[in-house]
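Chain by chain, the residues run as shown.
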Amino acid sequence: MTVVESRLQQLPMCLRLYFRSSNLFNNLSQQTRCFASNSFPCKVSQYLHRAKLIDSIRLGLRSNHPESLIPLLSDPSVDSFVVSNALRSAPSPESALSLIQTLEAIPHFSHTQNTVYTLAKILAKSHRSSELKDLIDAVNAGKFTNVARVSFMDRMQWYAAAGDLDSVLCVWNDLRVSQKRPCTESYNIVMSLYVDMGKDMEAVELFYRMIDEGAIPNSRTYTIMIKHLVKCGKVDSAFDVFNILPFMRIKRTLKQYSILVEGFSALKQFDAIKTLLNEMRIDGILPGRAMRLSLQHTQEAGFVHETDEYLREMLPDERIKNVGLSVDSSDDEDVDFDYGSGEADVGVHLKPWLDPRALAHALCHWSPDEVAALGNAKFVWTTRLVCKVLRNFNSPVTAWDFFFWVASQPEFTHDIYTVQRMIVLLARHGHVTLVDELLLKIRREGISLPFSTIRLIIDFYGISKNADAALNIFRDCKLLCGSISDSNLMLMYSSLLRTLTKCNRNSDTFSALEDMFSCGIYPDIQTFSGLMHHFALQGDIKTVQKLFTMVRQCGVEPDAYMFKVLIHAYCKCKRASLAWRIFEDMRNLDLMPDAATKELLVKSLWKEGRRREAAAVEERSEEIRGILPLALRGHVWTVSSADLTRVYDIYSTSFTTYSG
């Protein structure tokens with residue numbers, strides 16, 4: 001008996017049966033999947049059938065008649081998709097494991113990666129670390145022929161959900177050995193777990209380690225930081241970090257807004273909530289229902305106008321009927337599942353299951369059969385639902401068809417949130433004509449787009465190389481989104497300049513730069529770094545020198561990262577002599593490159609036969625006591641070293657004070 005098999009014998013019966021059956025009915029399962037996909041007239045019909053099955057199983061898990069699940073699970077179309085979604089909405093870990101055990105009586109069913117990973121998440125969230133580890137060992141030992149080995153990241157996420165810090169750190173160390181530079185999310189997982197466990201200084205130190213090792217914090221990193229600060233009563237510090245994010249080109253999220261609104265509500269600082277709601281409009285974010293209680297308190301404090309629109313949107317939609325479980329008072333009676341009526345004799349009422357991603361996938365071809373089935377389903381279309389479906393379309397053409405179809409549905413009218421979602425999707429795929437058509441329509445109706453949406457369109461036009469369209473949008477930006485603050489205008493110019501460089505429109509780039517100066521708006525250091533990086537790659541040393549002079553004239557202090565950008569760019573285009581000059585300028589300011597940049601410069605100088613300069617770089621690096629920095633902080637076009645330092649100072653100072 002192997003070690004894994006020995007461990008399996010020690011598991012609860014439901015898990016032992018689960019493992020034993022995983023390969024037994026594999027061929028039957030494949031036949032069933034073929035049946036399931038071919039027995040419906042279209043994918044939407046299959047989606048609707050699955051939705052009813054999932055709702056029935058959800059209700060069955062909440063009933064006093066577990067045997068009612070057997071006929072439901074015997075449906076040939078019950079597959080890992082249906083089971084995974086039913087498991088996710090199980091009322092307790094015990095009921096989820098009970099469902100797994102019940103599946104042993106269903107010969108046609110076989111588990112896949114969907115159900116295995118869903119079970120792992122349930123075990124993790126219920127802190128069943130021992131059973132979770134046994135499940136991971138079984139997967140990695142090949143007990144499931146159609147399930148891949150569990151990745152480092154999945155293991156870290158599950159152990160973190162289980163609150164198992166030692167296991168998380170063990171897996172992270174293995175990840176760091178196997179990868180030269182671990183991803184940002186791996187740092188996030190550890191940092192978030194430190195926050196949850198009250199290890200304040202460890203979380204702060206990990207953030208420093210992240211940027212010191214060259215990982216670029218992302219939006220989730222700052223969500224964790226903001227949550228940490230608010231949790232420890234440092235709401236003002238959290239708000240300071242939040243306000244820096246746009247200048248680091250970090251998207252501010254609904255989660256961040258929700259955390260701050262809740263924090264300020266607890267302190268009864270309703271003016272700050274008013275400011276946040278205004279920023280949400282600028283960012284084009286639809287408030288989540290988690291804010292409802294905080295916004296009610298804000299309204300009670302006298303801010304009726306600012307909150308009324310949001311609160312109305314958060315009210316339960318009476319058109320959406322519950323799925324209910326109706327049980328007669330006699331235990332001998334059968335269980336009656338009432339789909340869609342919302343009326344039941346017992347208090348088991350659930351919102352109908354709905355997966356916008358699966359629905360969008362079912363509509364991918366937008367065939368007449370799919371459209372007819374969608375109309376017959378009588379969905380209650382809300383702003384939130386339409387936005388979620390639009391976000392999950394892969395094809396902008398299908399999204400466009402859906403966008404116009406849903407506009408004709410009863411009691412639905414597109415608003416700024418659905419319109420901006422559609423515009424962004426079209427811009428991402430370079431559909432300039434359709435974007436212009438929608439923009440013309442909203443201008444005629446007097447609708448203003450959020451500032452962040454305009455910026456995003458300009459950014460996407462850089463990806464699709466539509467410089468003229470980006471210029472047109474920029475010229476009309478004040479008509480499209482109203483007044484713009486100087487700081488936001490600087491960010492808008494930065495997006496335009498980046499798009500123009502991506503399109504190699506150098507003359508237009510300088511025209512935009514001159515226009516920017518004429519408005520009294522000056523680029524920030526990351527914009528200058530991006531511009532110099534672009535022209536350095538083209539070998540245009542005169543323009544780089546001109547930009548470097550502008551940096552000084554604008555009162556911007558060059559940092560080590562700016563010099564690093566130039567050294568890398570010149571080395572990449574085989575101009576090591578120019579990179580050497582930048583190194584000299586850097587040393588004159590008592591700055592040093594990081595280890596990777598130094599090695600690149602030395603290697604490039606050697607390749608070009610400049611051995612004396614290469615030796616000088618080595619010698620000057622050795623003169624520095626200690627070691628070179630692991631990585632210079634920053635990222636071209638987006639994040640400056642100064643901003644990262646500023647955020648770190650806010651974060652660390654908050655907890656130094658808090659700990660003292």
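Let us look at the nonpolar core. If you look at the biggest cluster of nonpolar residues, it comprises 212 residues, and the most contacted ones within it are Y222, W381, F402 and Y651. Per-element accounting of this core gives the leading share, 10 residues, to helix α33 (residues 560-572).

Between helix α15 (residues 235-244) and helix α16 (residues 254-266), the least distance of the axes is 10 Å, while the angle of their chain directions is 150°. Comparing the axis directions of α15 and α16 gives the class roughly antiparallel. Seen from above, α15 lies across α16 with left-handed handedness. The residues of α16 that touch α15, namely those facing V235, D236, A238, F239 and F242, are Q256, Y257, L260, G263 and F264.

Over its 12 residues, helix α9 (residues 129-140) runs 16 Å from end to end, which matches the ideal 16 Å to within 8%, given 1.5 Å per residue. What α9 keeps buried is the set S129, E131, L132, D134, L135, I136, A138, V139 and N140. G142 lies just past α9 and shows a positive phi near 85°.

Now for the side chain of S45. With respect to the element layout, S45 can be found in helix α4 (residues 43-61). Overall, S45 belongs to the buried group, its relative accessible area being 19%. Look past the residues within four positions of S45 in its chain and what remains in contact with it is F40 and A373.

Glancing now at the pattern of salt bridges. One pass over the structure, following the stated rule, counts 20 salt bridges. R50 is the salt-bridge partner of D79, the closest N and O atoms lying 2.5 Å from each other. Taken together, the residues span a long stretch of sequence, with D79 in the loop between α5 (69-73) and α6 (80-88) and R50 in helix α4 at a distance of 29 residues. Looking at R50, the relative accessible area reads 18%, which means it is buried.

Our next topic: the environment of G163. Looking at where G163 falls in the secondary structure, it is placed in the loop between α10 (152-161) and α11 (165-178). We classify G163 as partly exposed; its relative accessible area is 33%. Each C-alpha atom of the pair G163 and R128 lies 9.9 Å from the other, and the pair is 35 residues apart in sequence. Setting aside chain neighbours within four positions, we find G163 in contact with H127 and L193.

Time to look at helix α32 (residues 541-553). With 13 residues, α32 should reach 18 Å at 1.5 Å per residue; the first-to-last C-alpha distance of 18 Å fits that figure. Residues of α32 that are buried include every one of T543, V544, L547, F548, M550 and V551, and no others. An end-on view of α32 places all buried positions within 155° of arc, on one side of the element. In α32, the exposed positions angled more than 90 degrees off the buried face are occupied by K542 and Q553. For α32, the elements touching its buried residues are α30 (506-518), α31 (525-537) and α33. Once α32 finishes, G555 follows within two positions and takes phi at roughly 75°, a positive value.

Before going further, it helps to examine the confidence of the model for the protein. Per-residue confidence for the protein averages 86 on the pLDDT scale, and 87% of its residues sit at or above 70. Mean pLDDT in the protein bottoms out at helix α1 (residues 3-9), which sits at 39, and peaks at helix α14 (residues 219-231), which reaches 98. Counting interchain partners and residues more than four positions distant, the pLDDT-below-50 stretch residues 1-36 has 64 contacts. Counting interchain partners and residues more than four positions distant, the pLDDT-below-50 stretch residues 326-345 has 41 contacts.

Structurally, P368 is set in helix α21 (residues 368-376). For P368 and C42, which are 326 residues apart along the polypeptide, the C-alpha to C-alpha distance reads 9.6 Å.

To continue, consider the environment of A238. Examined against the element boundaries, A238 turns out to sit in helix α15. Looking at A238, the relative accessible area reads 0%, which means it is buried. Taking the C-alpha atoms as reference points, A238 and K227, 11 residues apart in sequence, are found 7.8 Å from one another.

Taken together, the side chains of K251, R289, K351, R357, K388, R391, R421 and R428 present a region of like positive charge at the surface. Those elements giving two or more residues to the positive patch turn out to be α22 (383-391) and α24 (416-428). Inspection of the secondary structure assignment puts K351 in the loop between β3 (349-350) and α20 (356-362). Given the relative accessible area of 46%, K351 is considered partly exposed.

In most cases, non-glycine residues show a negative phi, while peptide bonds are predominantly trans. Backbone geometry places K465, a non-glycine residue, at a positive phi of 60°. Relative to the helices and strands, K465 resides in the loop between α26 (451-463) and α27 (467-475). With a phi close to 75°, W637 is a non-glycine residue in the positive phi region. With respect to the helices and strands, W637 occurs in the loop between α36 (611-623) and α37 (641-659). Residue class for W637 comes out buried when judged on its relative accessible area of 8%.

Once that is clear, we can look at the packing of aromatic side chains. Remark: the centre distance and the inter-plane angle together describe each pair of aromatic rings, the angle taken between the planes. Inspection of the entire model under this criterion finds 26 aromatic pairs. Between F239 and F264, the ring centres sit 5.5 Å apart and the planes meet at 90°, which makes this aromatic pair edge-to-face. Taken together, the positions of F239 in helix α15 and F264 in helix α16 put the pair 25 residues apart, joining distant regions of the chain. Accessibility assignment for this pair places F239 and F264 in one class, buried. Taken together, a centroid distance of 5.7 Å and an interplanar angle of 50° make the contact between F510 and F535 tilted. Separated by 25 residues along the polypeptide, F510 in helix α30 and F535 in helix α31 bring together distant segments of the chain. F535 gets classed as buried once you look at its relative accessible area, which sits at 2%. Seen from the ring of Y159, K133 lies directly overhead, with NZ or CZ sitting 5.9 Å from the centre. Sitting above the plane of the W172 ring, R176 keeps its charged end 4.8 Å from the centroid.

Following the sequence through the fold, Q256 ends up in helix α16. Judged by relative accessible area, which is 0%, Q256 ranks as buried. Within the local environment of Q256, its side chain forms a polar contact with the side chain of T223, the two groups lying 3.0 Å apart. In this view, Q256 contacts S219, Y222, T223, I226, F242, L245 and K251; residues no more than four positions away in its chain are not counted.

Conventions used here
Residues numbered from 1 in each chain as written. Predicted model: local features only at pLDDT ≥ 70, side-chain atom pairs only at ≥ 80, totals over all residues. Heavy atoms only, no water. Core = buried A, V, L, I, M, F, W, Y, C linked by side-chain atoms within 4.5 Å. Buried < 20%, exposed > 50% of the residue type's maximum accessible area, 1.4 Å probe, protein only. Helix = DSSP H or I, 4+ residues; strand = E, 2+ residues; numbered from the N terminus. Axes fitted to C-alpha atoms, helices over the stretch in contact; angles between N-to-C directions. Parallel < 35°, antiparallel > 145°, perpendicular 65-115°, else oblique. Left-handed = near helix turned anticlockwise from the far one by under 90°. Contact = heavy atoms within 4.5 Å. Expected span 1.5 Å × (residues − 1). Salt bridge = Lys/Arg side-chain N within 4 Å of Asp/Glu carboxyl O. Arc of directions from axis to C-beta. pLDDT = per-residue confidence, 0-100. Patch = residues over 30% accessible without salt bridge, like charges linked within 9 Å, V, L, I, M, F, W, Y side chains within 5 Å. Areas by Shrake-Rupley, 256 points an atom, 1.4 Å probe, with all protein chains shown as cover. Lys, Arg positive; Asp, Glu negative; His and termini not counted. Charge placed at Lys NZ, Arg CZ, Asp CG, Glu CD. Phe/Tyr/Trp six-rings, centres within 6.5 Å; stacked < 30°, edge-to-face > 60°. Lys NZ or Arg CZ within 6 Å of the ring centre and 35° of its normal. Polar contact = N/O pair within 3.5 Å; in protein donor to acceptor, adjacent residues only side chain to side chain.

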